[in-house]
Amino acid sequence: SFYNTLVHLPGNCPGWPENLSVDNEIFSKRFETGARSKCPEWCDQALLHCDWPPTATHQLLEIETYQTYKGHFVGNFRQPEQRLLSSWYDHVDVFRAVPVIPACQQNRTPQRLMDMDEFQERYQGSATRQLVGNKNATKADVPTALERLKEGFAFVGLQEEWSLSICLFHVKFGGPCRSLEFLDTRPDNRKTKLTSSYDAAILNGWVD
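Residues numbered from 1 in each chain as written. Predicted model: local features only at pLDDT ≥ 70, side-chain atom pairs only at ≥ 80, totals over all residues. Heavy atoms only, no water.

Caption draft 1: Summary view of the overall build of the chain. Of the regular secondary structure elements, the chain holds 9 helices and 4 strands. Its helices and strands in sequence order give the chain the pattern α-α-α-α-β-α-β-β-α-α-α-β-α, from N to C terminus. In terms of overall dimensions, the chain has a C-alpha envelope of 45 × 40 × 30 Å along the principal axes. Residues classed as buried in the chain amount to 36% of the 208 residues present. A fraction of 57% describes how many contacts in the chain between residues 6 or more apart in sequence connect residues 24 or more apart. Accessible surface, the chain: about 12,700 Å² in total, of which carbon and sulfur atoms supply 54%. For the chain, the distance from the average position of its 22 positive side-chain charges to the average position of its 26 negative side-chain charges is 3 Å. (Helix = DSSP H or I, 4+ residues; strand = E, 2+ residues; numbered from the N terminus. Buried < 20%, exposed > 50% of the residue type's maximum accessible area, 1.4 Å probe, protein only. Contact = heavy atoms within 4.5 Å. Areas by Shrake-Rupley, 256 points an atom, 1.4 Å probe, with all protein chains shown as cover. Lys, Arg positive; Asp, Glu negative; His and termini not counted. Charge placed at Lys NZ, Arg CZ, Asp CG, Glu CD.)

Caption draft 2: Spatial organisation of the packing of aromatic side chains. Counting across every chain of the model gives 13 aromatic pairs. Plain terms: the ring middles of Phe95 and Tyr123 are 6.2 Å apart, the flat faces sit at 80 degrees to each other, and that makes the pair edge-to-face. Of the two residues, Phe95 is situated in the loop between helix 5 (80-88) and strand 2 (97-98) and Tyr123 in helix 6 (residues 116-123); the sequence distance between them amounts to 28 residues. Taking the relative accessible area as the measure of exposure, Tyr123 reaches 17% and is therefore buried. Here the aromatic cluster, defined as three or more aromatic residues joined through ring pairs, consists of Tyr66, Tyr69, Phe73, Phe77 and Phe153. Sitting above the plane of the Trp88 ring, Arg96 keeps its charged end 3.7 Å from the centroid. (Phe/Tyr/Trp six-rings, centres within 6.5 Å; stacked < 30°, edge-to-face > 60°. Lys NZ or Arg CZ within 6 Å of the ring centre and 35° of its normal.)

Caption draft 3: Representation of the pattern of salt bridges. Throughout the structure, instances matching the rule amount to 3 salt bridges. The partner of Asp208 in a salt bridge is Arg83, with the nearest N and O atoms 3.0 Å apart. Taken together, the positions of Asp208 in the segment after helix 9 (162-173) and Arg83 in helix 5 put the pair 125 residues apart, joining distant regions of the chain. (Salt bridge = Lys/Arg side-chain N within 4 Å of Asp/Glu carboxyl O.)

Caption draft 4: Seen up close, the environment of Tyr89. Positionally, Tyr89 belongs in the loop between helix 5 and strand 2. Along the chain, Tyr89 and Thr128 lie 39 residues apart, while their C-alpha atoms are 22 Å from each other. Leaving out residues up to four positions away in the same chain, Tyr89 has contacts with Tyr198 and Ile202.

Caption draft 5: Geometry of the nonpolar core. Counting residues in hydrophobic clusters, the biggest one holds 20 residues, and the most contacted among them are Phe2, Trp16 and Cys43. Secondary structure elements with two or more residues in this core: helix 1 (2-7), helix 3 (31-42) and helix 9. Sequence-distant contacts of Trp16, defined by excluding residues within four places in its chain, comprise Val7, His8, Val22, Phe27, Ala35, Lys38, Trp42 and Cys43. Core analysis: the second largest hydrophobic core is formed by 10 residues, Leu84, Met114, Tyr198 and Trp206 among them. (Core = buried A, V, L, I, M, F, W, Y, C linked by side-chain atoms within 4.5 Å.)

Caption draft 6: Main features of the packing of helix 5 against helix 6. For the pair helix 5 and helix 6, interaxial distance at closest approach is 11 Å and the crossing angle is 120 degrees. Taken together, the axes of helix 5 and helix 6 lie oblique to each other. Judged by the sense of rotation from one axis to the other, the crossing of helix 5 with helix 6 is right-handed. Contacts between helix 5 and helix 6 involve Arg83, Leu84, Leu85, Ser87 and Trp88 from the first element and Met116, Phe119, Gln120 and Tyr123 from the second. Across the contact of helix 5 with helix 6, the residue classes break down as 6 nonpolar, 2 polar and 1 charged. (Axes fitted to C-alpha atoms, helices over the stretch in contact; angles between N-to-C directions. Parallel < 35°, antiparallel > 145°, perpendicular 65-115°, else oblique. Left-handed = near helix turned anticlockwise from the far one by under 90°. Nonpolar A, V, L, I, M, F, W, Y, C, P; charged D, E, K, R; others polar.)

Quick look at the structure:
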C-alpha cells in the first residue's frame, strides 16, 4: 500500500509506530479506513492531509480541494484495464452486484450480476472521474485530468512499476526505503501473496 510510504516518510506521522504496516492483518480488510482513522492522531496534517471521515475513500477531487492542495498531491496509478478487471474478479466486494451491496452488509449474495458490457459502462473512466471531480465525466474531460496530473501532482507513480516508483519517490522526497513499502498488501492470490496481470482478452479489445 502506498500508505506505507506516506506514513513512514520522516516527519509525516511522528506518532505512527515505526514498524506498523498499513495492511489487512493489522487494520482488517478495509485497512484504508482503519489507517485513516489514526491519521489525525498520529500524523502532522501540515505535511500529510487527513481526509475525514475515514470511511470516505476514493473521493472525487473537487475544484476547491484541487486549488487548496494544487502541486502537493501524490499518487500511484494502475493500468486502467487491469484496474477494471481487478474489480470484475473481486468476489468479496462484488462490484458486479445489482443493486450495489453496501460495504457493511453481512449478506454478500447479489440479486443479479452485471455482464461485461454493463460493467464497462459503469466503471469506465474511474481515474478520470476522480481527477476531475465529476462522477459523470466523459472523454471530453480527459484533457482536464491530464492537466491536473501535470500541474497538481508532485509525484505520479505506476502500480505496474511499484518498486521503481517507490524508489523514485524517496529520491525526490528523501527518507529510507523500508521493506514494508514493497509488500503486496492486497494480493489477488492469497497463497502466493502476489498479484499477477489479468488476461485482458475477456474485454474483446475494449480500452478504457
